[in-house]
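Fold and geometry: a report
Listed here are the chains, written in short residue letters.
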Amino acid sequence: MTEETILEVRDLCTHFRTDEGLVKAVDGVSFTLNDGETLGIVGESGSGKSVTNLSILRLLPQPPAIHSGGQILYRGRNILNMNESELRDIRGNKISMIFQDPMTSLNPYMRITHQIEETLMLHQGLPQKQAAEKAVELLAQVGIPDPRVRARQYPHQFSGGMRQRVMIAMALSCRPDILIADEPTTALDVTIQAQILDLIRELTRELGTSVILITHDLGVVAGICDNVAVMYAGRIVEYGPVEEIFARPQHPYTQGLLRSVPRLDLEPGEGRLYSIPGAPPSLVDLPEGCYFQPRCEHALPVCSRRYPPEFKTLGRRSACWLHHPEAERG
Amino acid sequence: MIRCNVLAYVLRRIVGMVPTLFIIVTLSFFIIRLAPGSPFSSERNLPPSVIANLEKKVHLDEPLPLQYLRYLGDVLRGDLGYSTKHVDFTINEFIARALPVSMTLGALALVLALSVGITVGVVSALKRNSLMDHSLMALAILGISVPMFVIGPLLQLLFSVHLGWLPTAGWLSSRAGGLTLILPVLTLAVTDFAYIARLTRTSVLEVLRSDYIRTARAKGLSQRAIIWKHTLRGAMLPVVSFLGPAFANIVTGSVVVESIFDIPGMGRFFVNSALNRDYFMIMATVIVYAVILVIANLIADLVYAALDPRVVYE
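Computed from a predicted model, the values in this text were never measured in an experiment. (Residues numbered from 1 in each chain as written. Chains lettered and ligands numbered in written order. Predicted model: local features only at pLDDT ≥ 70, side-chain atom pairs only at ≥ 80, totals over all residues. Heavy atoms only, no water.)

With respect to the overall build of chain B
Cut-off, in case you're wondering: Working definition: helices are DSSP H or I runs of at least four residues, strands are E runs of at least two. Numbering for both runs from the N terminus. Buried, partly exposed and exposed residues are distinguished by accessible area as a fraction of the type maximum, computed with a 1.4 Å probe on protein chains only: under 20%, between the cut-offs, and over 50%, respectively. Every residue pair with non-hydrogen atoms within 4.5 Å of one another is taken to be in contact. By the counting rule applied here, Lys and Arg register as positive and Asp and Glu as negative, while His and the ends of each chain are not counted. Every charge is mapped onto a representative atom, which is NZ of Lys, CZ of Arg, CG of Asp or CD of Glu.
For chain B, the count of helices and strands is 12 helices and 0 strands. What you see in chain B, going N to C, is helices and strands ordered as α-α-α-α-α-α-α-α-α-α-α-α. With respect to the three principal axes, the spread of C-alpha positions in chain B is 85 × 60 × 35 Å. Classification of the 314 residues of chain B by burial places 44% in the buried group. Sequence-distant contacts, at least 24 apart, represent 71% of the contacts inside chain B between residues at least 6 apart. Taking the 26 positively charged and 18 negatively charged side chains of chain B as two groups, their mean positions are separated by 12 Å.

Observations regarding the confidence of the model for chain B
Filter applied, for reference: A residue's pLDDT is the confidence the predictor assigns to it, expressed on a 0 to 100 scale.
Averaged over all residues, the pLDDT of chain B is 86; the fraction at 70 or higher stands at 96%. Taken together, the chains of this predicted complex give a pTM of 0.82 and an interface ipTM of 0.86.

Observations concerning the side chain of Glu258(B)
Residue and element names in this part refer to chain B. As a reminder, the rule being used: The salt bridge criterion pairs a side-chain nitrogen of Lys or Arg with a carboxyl oxygen of Asp or Glu, the two atoms within 4 Å.
Along the polypeptide, Glu258 turns up in helix 10 (residues 243-260). There is no salt bridge for the buried Glu258, and the closest opposite charge comes from Arg268, which lies 6.3 Å off by N-O distance. When neighbours within four sequence positions are excluded, Glu258 is seen to be in contact with Ser102, Leu105, Ile263, Gly265, Met266, Gly267 and Arg268.

Structural notes on the nonpolar core
As a rule of thumb, nonpolar side chains are buried together in soluble globular proteins. What counts, and what does not: Only buried Ala, Val, Leu, Ile, Met, Phe, Trp, Tyr and Cys residues count toward a nonpolar core, and they belong to the same one when joined by side-chain atoms within 4.5 Å.
By size, the foremost hydrophobic cluster in this structure holds 94 residues, and its most contacted members are Leu7(A), Phe31(A) and Ile56(A). Here the element with the most residues in this core is helix 7 (residues 160-172) of chain A; it accounts for 8 residues. With near-sequence residues (within four places) excluded, Phe31(A) lies in contact with Leu7(A), Glu8(A), Val9(A), Leu39(A), Ile41(A), Thr52(A), Ile56(A), Ile212(A), Ile236(A) and Tyr239(A). Ile151(B), Trp171(B), Ala189(B) and Val257(B) belong to the second largest nonpolar core, which has 32 residues in total.

A short note on the packing of helix 11 (residues 266-275) of chain B against helix 12 (residues 279-307) of chain B
Residues and elements named next belong to chain B. Put simply, the rule is: Here, axes are lines fitted to C-alpha atoms. For helices the fit covers the stretch in contact, and angles between N-to-C directions go from 0 to 180 degrees. For any pair of crossing helices, the crossing counts as left-handed if the nearer helix is rotated counterclockwise from the farther one by less than a right angle, and right-handed if it is rotated clockwise. Nonpolar residues are Ala, Val, Leu, Ile, Met, Phe, Trp, Tyr, Cys and Pro. Charged residues are Asp, Glu, Lys and Arg, and all others, Gly as well, are polar.
Their axes nearest at 8 Å, the elements helix 11 and helix 12 cross at an angle of 140°. Two packed elements cross with a definite hand, and for helix 11 against helix 12 that hand is left-handed. Where helix 11 approaches helix 12, its residues Met266, Gly267, Phe269, Phe270, Ser273 and Ala274 are matched on the opposing element by Met281, Ile282, Thr285, Val286, Val288 and Tyr289. Per-class residue counts for the contact of helix 11 with helix 12 are 9 nonpolar, 3 polar and no charged.

Quick notes on unusual backbone geometry
Positioned with a positive phi, Arg58(A) is a non-glycine residue whose angle comes to about 50°. One can find Arg58(A) in the loop between helix 1 (49-56) and strand 4 (65-74). In the Ramachandran plot, Asn129(B) falls in the positive-phi region, its phi being about 65° despite a non-glycine side chain. Since its relative accessible area comes to 53%, Asn129(B) is described here as exposed.

So, the side chain of Thr185(A)
Mapped onto the fold, Thr185(A) is located in the loop between strand 7 (178-182) and helix 8 (190-207). In this structure Thr185(A) touches Gln193(A), Ile196(A) and Leu197(A), once residues within four positions along its chain are discounted.

A closer look at the domain arrangement of chain B
Stated precisely, the cut-off is as follows: What fixes the domain bounds is an automatic or database domain assignment.
If you check the domain split of chain B, you get domain 1 (21-76) and domain 2 (101-267). Here the C-alpha centre of domain 2 of chain B lies 41 Å away from the C-alpha centre of domain 1 of chain B.

Looking at the pattern of salt bridges
This structure, assessed with the given rule, holds 22 salt bridges over all chains. As a salt-bridge pair, Arg75(A) and Asp177(A) come within 3.0 Å of each other at their nearest N and O atoms. In this pair, Arg75(A) sits in the loop between strand 4 and strand 5 (77-78) while Asp177(A) sits in the loop between helix 7 and strand 7, placing the two residues 102 residues apart along the sequence. Between Arg310(B) and Asp308(B) there is a salt bridge whose closest N-O contact spans 3.2 Å.

Focus on the sheet that holds strand 5 of chain A
All names here are of chain A. Heads up, the condition is: Note on pairing: two strands pair once DSSP finds at least 2 bridges between them.
An order of 2-1-4-5 is seen for the 4 strands of this open sheet, with the pairing classed as antiparallel. Of all strands in the sheet, those with a lone pairing partner are strand 2 (21-34) and strand 5, marking the two edges. In the packing of helix 1 onto the sheet, contacts are made with strand 1 (5-18), strand 2 and strand 4, and the angle to strand 1 comes to roughly 115°.

Overview of the interface of chain B and chain A
Operational definition: Buried area, as used here, totals the accessible surface that two parts lose on assembly, with accessibility defined by a 1.4 Å probe and the loss added over both.
With 19 residues of chain B in contact, the opposing surface of chain A contributes 24 residues. Roughly 2,100 Å² is buried in total at the junction of chain B and chain A, and carbon and sulfur atoms are behind 60% of that figure. One can count 2 salt bridges joining chain B with chain A. Close ionic contact of Lys219(B) with Glu118(A) constitutes a salt bridge, the shortest N to O distance being 2.7 Å.

A look at the environment of Leu7(B)
Residues and elements named next belong to chain B. Here Leu7 shows up in helix 1 (residues 2-34). Judged by relative accessible area, which is 58%, Leu7 ranks as exposed. Put simply, Leu7 and Tyr313 are 306 residues apart on the chain and 9.8 Å apart in space, counted from C-alpha to C-alpha.

Things to note about the environment of Leu205(B)
Residues and elements named next belong to chain B. Residue position: Leu205 is located in helix 7 (residues 179-208). Expressed as a C-alpha distance, the spacing of Leu205 and Gly121, which sit 84 residues apart in the sequence, is 9.7 Å. With near-sequence residues (within four places) excluded, Leu205 lies in contact with Ala125 and Arg128.

Considering the pairing of strand 9 (residues 227-232) of chain A
Consecutive residues of a regular strand have side chains that alternate between opposite faces of the sheet. All names here are of chain A. Counting buried residues in strand 9 gives 6 out of 6 residues, a clear majority hidden from the surface. With 4 bridges joining them, strand 3 (residues 38-42) and strand 9 adopt parallel strand pairing. Bridging from a neighbouring strand, Gly40 pairs with Val228 of strand 9. As judged from the 6 bridges shared by strand 9 and strand 10 (residues 235-241), these two strands associate in the antiparallel manner. If you follow Asn227 over to strand 10, its bridge partner there is Pro241. Taking the residues that link successive antiparallel strands as the turn, the strand 9-strand 10 hairpin has 2 residues, and the phi of Ala233 there is positive, at about 50°.

If you want it as structure tokens, here you go:
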């Protein structure tokens, strides 16, 4: 595995202008993605994980979205400065995306084959006949039985899991550098989830595609990610290698998240399932200081005054005042 | 296989029309008879003996149930009877002359309303909240709110009286020719145009917000491909559903428009026959309109099914 950085997000700010005020959905997010790496982004709903990734392909409608700062460097070129045709050349070709709800993400009025052909004809310049052949091949690759027949069918004739397979076939059809998977299994049956994740892992490994996996399922992250970024209220609070963070979470929010995972090794009734007290703050009206401080068990006086800087500790970045050398003294 | 299903479906729908039409015929037959007056009670007072003779000739002297059965029998044989006002022609002959006129007028108006309405709706949706969008939608609101009997005379006033460009009234008269078509078709199309434009705008906007359009963008498709290949088909479905009501608008509108522009179509006969208590003429127009509307709805359903692969014929 070459350790070349192919995507670098620096200080990304994506805000939304709404009637209630400026929503800072993503506010100063930075991470890097290396060749062949799988990065997990976890957080509660509304923490900005989807917005971050929709920003990477500039898929958010503007207005109301504004990319008010930062850079998204794909192989050194800033996506935020690209014009429409440069963007289109990247979308679905170099960076592709699969979405949460496979039931609505495919066009219900188009045959599956045409939806896959489109990308191949557009980005690889294949004539329609060849693209159709390739589409059947791709469907076979993602494990769709009877691909020649299924290609001629419409999305409503596919189950949820099968549709997500189609989405994967479509997304990987041009052998992209990066696959962004936005909660690809959330809408699926538990029994199907593992199959889909395995499929993503196998195919991307085969193609050498890097993956950004957005999820709120920590088990998924532990299973297939190299690095993980934990997001809270539009910012990354902890970011580093998966084993490190799962073994020794440093940020109180990460600790809380890990403690809220149900455990199968406990007897029923033995220990209540932990939940982080309180609710995430409103993105229009963020608290002073650290955004997590109102829910934090370890909050110090400084936490309610200033947002913590990122500390490099134990091989990761963590934005928490507790890591400050003088934290003991408050 | 699929084609076979469609054929079976159409046949079933046609069979299904029979009870609908039967109910319409029955209800109209008795409702008309409930209205006060009779075909021969005109301002000119006829001697009672003459009236009795006339009534005998068209069997109005028989008991009502018998008349009803007799009429049903005639209709099933395709004989719509005689007008009590214009005895020189059979009603079948009247319809043979008037129906093509109304059909031409209605078809032209519907085609105009659809083509302009859809175009305006799509443009409005793509230029959402622009000056263009706001003005087009204001025009549509105007089209919905102002009735045809106001729009028609206003158009006549402007284009015929003041500007003198177009004839005021008439139908394909040798002197003005096709020009006579313009104002009535325009007037008749306005309401449907307005509804279709608004419907299209809403529906295009809704589709543009959908997940599968986001997928299309994520694939790198151009705006043009997204609109033509991914948006329009789905966005047309509500418009197709509206075809039935749109046709009904055209039919009721033609009654007004044909009167305003003095067009010898079904609509004018409908009004006149109702005023004259011309029993069989009223029945005939009701039956023709009912058949047209039922067929229009069937066509709308077939188009919908052709556009949406999820529809199953059952």
